[in-house]
Amino acid sequence: MNNTANLTSHQDLWRNVTVGNTTWVYRPAVNSALNDAISAVVIIIIIINMVSLGCTMEVSKIKYHIMKPKGVAIAVVSQYVIMPLTAFCLAKGFQLSDITAVSVLVCGCCPGGQFSNTLTLALKGDINLSIVMTSCSMLLAMGMMPLLLYIYCKSFPSVRNAVPYVQIILSLVLTLVPCGIGILINTYRPQYSKRVTKVGMIILLIFTVVTLTLAIIANGRYILTVLSPSLLAIAGLMPLIGYCFGYVFSAIFRLSQRERRTVSMETGCQNIVLCATILKVAFPIEVVGPLYLFPVVYFVFQFFEAAMIIMLFWCYQRFKKKEKGKSDSRFQRLHFTTGLLLHKIKKKQEFTDVWLIIISQKFNCELIKCGLTH
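An unreviewed UniProt entry lists the protein chain under the name Hepatic sodium/bile acid cotransporter, from Maylandia zebra. Looking at the Subcellular location (unreviewed entry) heading of the UniProt record, one finds this comment for the protein chain: "Cell membrane". Database annotation for the protein chain, UniProt heading Sequence similarities (unreviewed entry): "Belongs to the bile acid:sodium symporter (BASS) (TC 2.A.28) family."

Engineer: Please set out the overall build of the protein chain residue by residue, giving values where relevant.
Structural biologist: The secondary structure content of the protein chain amounts to 14 helices and zero strands. Helices and strands appear in the protein chain in the N-to-C order α-α-α-α-α-α-α-α-α-α-α-α-α-α. Taking contacts inside the protein chain between residues at least 6 apart in sequence as the whole, the part at least 24 apart equals 85%. A total of about 20,000 Å² of accessible surface is found on the protein chain, and carbon and sulfur atoms cover 70% of it.

Engineer: How would you explain the environment of serine 250 if you had to name every residue and give the values?
Structural biologist: Relative to the helices and strands, serine 250 is located in helix α10 (residues 229–252). Residues serine 250 and valine 263, spaced 13 residues apart in sequence, show a C-alpha to C-alpha distance of 6.9 Å. Ignoring sequence-local partners within four residues, the contact set of serine 250 consists of Ile74, Leu255, Arg260 and Val263. For serine 250, the side chain forms a polar contact with the main-chain oxygen of glycine 246, separated by 2.8 Å.

Engineer: I'd like to hear about the packing of aromatic side chains, residue by residue, with values.
Structural biologist: Inspection of every chain in the model, using the stated rule, returns six aromatic pairs. Seen from their ring centres, phenylalanine 88 and phenylalanine 156 are 6.1 Å apart, and the 70 degrees between their planes marks the pair as edge-to-face. Residue phenylalanine 88 is found in helix α4 (residues 70–93), and its partner phenylalanine 156 is found in the loop between α7 (127–152) and α8 (165–188); the two are separated by 68 residues along the sequence. Across the pair, exposure class does not vary: phenylalanine 88 and phenylalanine 156 are buried alike. Between phenylalanine 299 and phenylalanine 303, the ring centres sit 6.4 Å apart and the planes meet at 25 degrees, which makes this aromatic pair stacked. With phenylalanine 299 and phenylalanine 303 both in helix α14 (residues 294–373) and four residues apart, the pair spans about one turn of that helix.

Engineer: I'd like a description of the environment of tyrosine 64, backed by residues and values.
Structural biologist: Relative to the helices and strands, tyrosine 64 is located in helix α3 (residues 59–67). Classification of tyrosine 64 by relative accessible area gives partly exposed; the value is 48%. Between the C-alpha atoms of tyrosine 64 and asparagine 128, which are 64 residues apart in sequence, the distance is 9.7 Å.

Engineer: Any chance you could break down the confidence of the model for the protein chain for me, citing the residues and the numbers?
Structural biologist: Of all residues in the protein chain, 73% have pLDDT values of 70 or greater, and the mean over the chain is 75. The least confident element of the protein chain is helix α1 (residues 3–9), whose mean pLDDT is 42; the most confident is α10, at 91. Predicted confidence for residues 1–27 stays below pLDDT 50, and this span has 58 contacts to residues more than four positions away or in other chains.

Engineer: Mind laying out helix α6 (residues 115–122), listing which residues take part and the relevant values?
Structural biologist: Within the span of α6, buried status applies to Ser116, Asn117, Leu119 and Thr120. Down the axis of α6, the buried set is contained in an arc of 165 degrees. They therefore lie on one face. Directly beyond the C-terminal end of α6, a positive phi value near 60 degrees is found at lysine 124.

Engineer: Explain a nonpolar patch on the surface to me, using residue names and the numbers behind them.
Structural biologist: Taken together, the side chains of Tyr247, Val248, Ile252 and Phe253 define a hydrophobic patch exposed on the protein surface, amounting to about 370 Å² of accessible area. As for its position among the elements, valine 248 is in helix α10. Given the relative accessible area of 46%, valine 248 is considered partly exposed.

Engineer: Explain the packing of α4 against helix α11 (residues 257–268) to me, and be specific about the residues and the numbers.
Structural biologist: It is at 9 Å that the axes of α4 and α11 come closest, and there the two elements cross at 30 degrees. The angle between α4 and α11 places the two elements in the roughly parallel class. Between α4 and α11 the crossing geometry is right-handed. Where α4 approaches α11, its residues Gly71, Ile74, Ala75, Ser78, Gln79 and Met83 are matched on the opposing element by Val263, Glu266 and Thr267. Split by residue class, the contact of α4 with α11 holds four nonpolar, four polar and one charged.

Engineer: Could you give an account of the nonpolar core, with specific residues and numbers?
Structural biologist: By size, the foremost hydrophobic cluster in this structure holds 75 residues, and its most contacted members are Val106, Ile278 and Phe283. The next biggest cluster of nonpolar side chains, apart from the first, holds eight residues, and it includes Leu123, Met265, Ile310 and Phe313.

Engineer: An account of the side chain of glutamate 266 is requested, with residue identities and associated values reported.
Structural biologist: With respect to the helices and strands, glutamate 266 occurs in helix α11. Setting aside its immediate chain neighbours within four residues, glutamate 266 contacts Gln79, Gly112, Ser116, Asn117, Ser130, Met133, Thr134 and Ser137.

Engineer: Break down α8 for me, citing the residues and quoting the values.
Structural biologist: Compared with an ideal rise of 1.5 Å per residue, which puts 24 residues at 34 Å, α8 spans 35 Å between its outermost C-alpha atoms and is within 8% of the ideal. If you check which residues of α8 are buried, you get Tyr165, Ile168, Ser171, Leu172, Thr175, Leu176, Pro178, Cys179, Gly182 and Asn186.

Engineer: Outline unusual backbone geometry, supporting the account with residue identities and numerical values.
Structural biologist: A positive phi angle, near 55 degrees, is found at glutamine 95, a position not held by glycine. Its location among the elements puts glutamine 95 in the loop between α4 and α5 (98–109). Within the chain, arginine 254 stands out as a residue other than glycine whose phi angle is a positive 60 degrees. Mapped onto the secondary structure, arginine 254 falls in the loop between α10 and α11. Judged by relative accessible area, which is 72%, arginine 254 ranks as exposed.

Engineer: Describe in detail the side chain of glutamate 305, supporting the description with residues and values.
Structural biologist: Along the chain, glutamate 305 turns up in helix α14. In this structure glutamate 305 is buried but unpaired, with arginine 261 as the nearest side chain of opposite charge at 17 Å. Dropping the residues within four chain positions of it, glutamate 305 is found in contact with Gly236, Pro239, Leu240 and Tyr243.

About the cut-offs
Residues numbered from 1 in each chain as written. Predicted model: local features only at pLDDT ≥ 70, side-chain atom pairs only at ≥ 80, totals over all residues. Heavy atoms only, no water. UniProt positions renumbered as here; feature names shortened; annotations may be inferred. Helix = DSSP H or I, 4+ residues; strand = E, 2+ residues; numbered from the N terminus. Contact = heavy atoms within 4.5 Å. Areas by Shrake-Rupley, 256 points an atom, 1.4 Å probe, with all protein chains shown as cover. Polar contact = N/O pair within 3.5 Å; in protein donor to acceptor, adjacent residues only side chain to side chain. Phe/Tyr/Trp six-rings, centres within 6.5 Å; stacked < 30°, edge-to-face > 60°. Buried < 20%, exposed > 50% of the residue type's maximum accessible area, 1.4 Å probe, protein only. pLDDT = per-residue confidence, 0-100. Arc of directions from axis to C-beta. Patch = residues over 30% accessible without salt bridge, like charges linked within 9 Å, V, L, I, M, F, W, Y side chains within 5 Å. Salt bridge = Lys/Arg side-chain N within 4 Å of Asp/Glu carboxyl O. Axes fitted to C-alpha atoms, helices over the stretch in contact; angles between N-to-C directions. Parallel < 35°, antiparallel > 145°, perpendicular 65-115°, else oblique. Left-handed = near helix turned anticlockwise from the far one by under 90°. Nonpolar A, V, L, I, M, F, W, Y, C, P; charged D, E, K, R; others polar. Core = buried A, V, L, I, M, F, W, Y, C linked by side-chain atoms within 4.5 Å. Expected span 1.5 Å × (residues − 1). Lys, Arg positive; Asp, Glu negative; His and termini not counted.

Structural data, given as structure tokens:
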């Protein structure tokens, strides 16, 4: 059965495609060459992203956390249970159309991204644990993403049997190849890994701007679909729920403060590059339309909410440091006062001891004189 054909020909798919009960049918505004160019650039972006991610992975650290998998297990449960469930509930709560809901679900089922490592570093979390969690969630995505989409898409009749699972799995497998290349670079040529990561981030930024420019040219008429109130609300709520739940869930299992902040960032951050790649490459453009730009909107909220959390954390750290400084100064004053008092007592004691010695010596002298005169 050709899933793509079923997906594009299904009549119910085009009812209420946008949010807010408006009806439209997406037709590409430009020729297919531009859309093919966008797909090619998106593939280049994911390759660069995964090579950079692989360059941050160390086999020894992965083995260490696998031997003590408590933090990784909690993060995986948060990533592949809470986030997909959150995406599903929000899609149902906002009454999204089937294809729009699937776009949100794909984002919710994606593994953690490299961006979470940067946020963990800013929050003074466990960066090694963050990298291991990102690696494990990326490996598990090959099985978990298709399985979760299969489970949740049963509630959306028009796309129940039409999600291109094979294309999604192929996209995930292809992402592991550049990731493996990055791991090999970091293992056998570690002196080049940081350089590759820096250059990769610069190229990634450039290609992201190019992709957004081409997407606006290709889908300018329909770009407001992605900026509809419901999708904006979902894009704002999903990462916030992930950040909060990741912290609370790890606190229940008594992880350290550093690990809690790490799990929080890993849960709320999705690999938006991978999500955009799957929506753009695996789904036909006639079906997904401009919805492949939803991960970009998600990333904007993800970034600003994380920035607010980081600012609050820094303010808390600064306040805590000031309070510690005040308590240290009080302790120092108390210590100085106590030391001064002890010094005075010691001097008085020494003064008393001297007088006692003098008196005893005089007394002994008197006794000696008396003895001699006697």
